[in-house]
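Breakdown of the fold
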Amino acid sequence: MKPGQLAMAYQACEVAELAAAAVELDDPAEAAVHAARVLAAAQRLVAAAGRLGSNDVPVDPLQRFAYDHPEEAADDIANWSHDRAAPTCRSCSPRI
C-alpha cells in the first residue's frame, strides 16, 4: 500500500471510531459536538484522497505518521480491522 493510501486508511479508522462513539451519546449537545468531530475527520479524509495523485505530504499528525512509519501504520490498520471484524450483536454479520 502506498503512503497516501495508508494515510487515507488511518484517517478512515479515525472517522469510523468517532462515528461509532457519536451514536452512543444520549445528550443532544454532546452528540452535536461529537458529530462535528466526525465531520472534521471526514474532511481530513477527503483531503487525504485529494493528495493521492500528488507528492504532497500531509501536515495532519495522524496521516503524517502513515508517511513516516508505513510498516507500523499498516500493522495498526490491520489490527484495527481485525479487532472490528467480529460482530457486536447476534444479528450482525461479520465485516470483512
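In case you missed it, the structure is sitting above this.
So, here's what we can say about the structure. Along each chain, the written sequence defines residue order, and numbers are assigned to residues from 1. Confidence filtering applies because this is a predicted model: local features only for residues at pLDDT of at least 70, side-chain atom pairs given and counted only at 80 or more, and all residues used for totals across whole chains, interfaces and linings. Each side-chain value is worked out from all heavy atoms of the structure, with water and hydrogens disregarded.

Our next topic: the pattern of salt bridges. The term salt bridge refers to a side-chain nitrogen of Lys or Arg lying within 4 Å of a carboxyl oxygen of Asp or Glu. Inspection of the entire model under this criterion finds four salt bridges. Note that Arg-44 and Glu-14 form a salt bridge whose closest N and O atoms lie 3.3 Å from each other. Of this pair, Arg-44 sits in helix H2 (residues 28-50) while Glu-14 sits in helix H1 (residues 3-22), and the two are 30 residues apart along the sequence. When the shortest N-O distance is used, the salt bridge between Arg-84 and Glu-17 registers 2.5 Å. Remark: Glu-17 occurs in helix H1 and Arg-84 occurs in the segment after helix H4 (70-83); sequence separation between them is 67 residues. Labels follow the DSSP assignment, with helices taken as runs of H or I lasting at least four residues and strands as runs of E lasting at least two, numbered in each case from the N terminus.

Here we come to the packing of H1 against helix H3 (residues 61-68). Only the stretch in contact is used when a helix axis is fitted, and all axes are lines through C-alpha atoms; the angle between N-to-C directions ranges over 0 to 180 degrees. Where H1 contacts H3, the axes come no closer than 8 Å and their chain directions differ by 145°. As for the relative orientation of H1 and H3, their crossing is right-handed in sense. Side by side, H1 and H3 meet where Pro-3, Gly-4, Leu-6, Ala-7, Tyr-10, Gln-11 and Glu-14 of the first sit next to Leu-62, Gln-63, Phe-65, Ala-66 and Tyr-67 of the second. Amino acid classes used here: Ala, Val, Leu, Ile, Met, Phe, Trp, Tyr, Cys and Pro are nonpolar; Asp, Glu, Lys and Arg are charged; the rest, including Gly, are polar. Looking at the contact of H1 with H3 residue by residue, the classes come out as eight nonpolar, three polar and one charged. Helix crossings are classified by the rotation of the near helix relative to the far one: an anticlockwise turn of less than a right angle makes the crossing left-handed, while a clockwise turn makes it right-handed. Between two residues, a contact is recorded if the distance between any of their heavy atoms is within 4.5 Å.

Another aspect to go through is a negative patch on the surface. Residues Glu-24, Asp-26, Asp-27 and Glu-30 make up a contiguous surface patch of negative charge. As for its position among the elements, Glu-30 is in helix H2. Surface patches are drawn from residues lacking salt bridges whose relative accessible area is over 30%; two like charges belong together within 9 Å, two nonpolar side chains (Val, Leu, Ile, Met, Phe, Trp, Tyr) within 5 Å. The method behind every accessible area is Shrake-Rupley, applied with a 1.4 Å probe, and residues are considered shielded solely by the protein chains displayed. Residues counted as positive are Lys and Arg, residues counted as negative are Asp and Glu, and His and the chain ends are not counted. Lys charges are placed at NZ, Arg charges at CZ, Asp charges at CG and Glu charges at CD.

The α-helix winds at 3.6 residues per turn, so residues separated by three or four positions along the chain end up facing the same way. With 23 residues, H2 should reach 33 Å at 1.5 Å per residue; the first-to-last C-alpha distance of 33 Å fits that figure. Partly exposed describes any residue whose relative accessible area lies between the buried limit of under 20% and the exposed limit of over 50%, with all areas from a 1.4 Å probe on protein chains only and scaled to the type maximum. All of the buried residues in H2 are His-34, Val-38, Ala-41 and Ala-48. Of the surrounding secondary structure, the elements contacted by the buried residues of H2 are H1 and H3. The span you would expect from a helix comes to 1.5 Å times its residue count less one.

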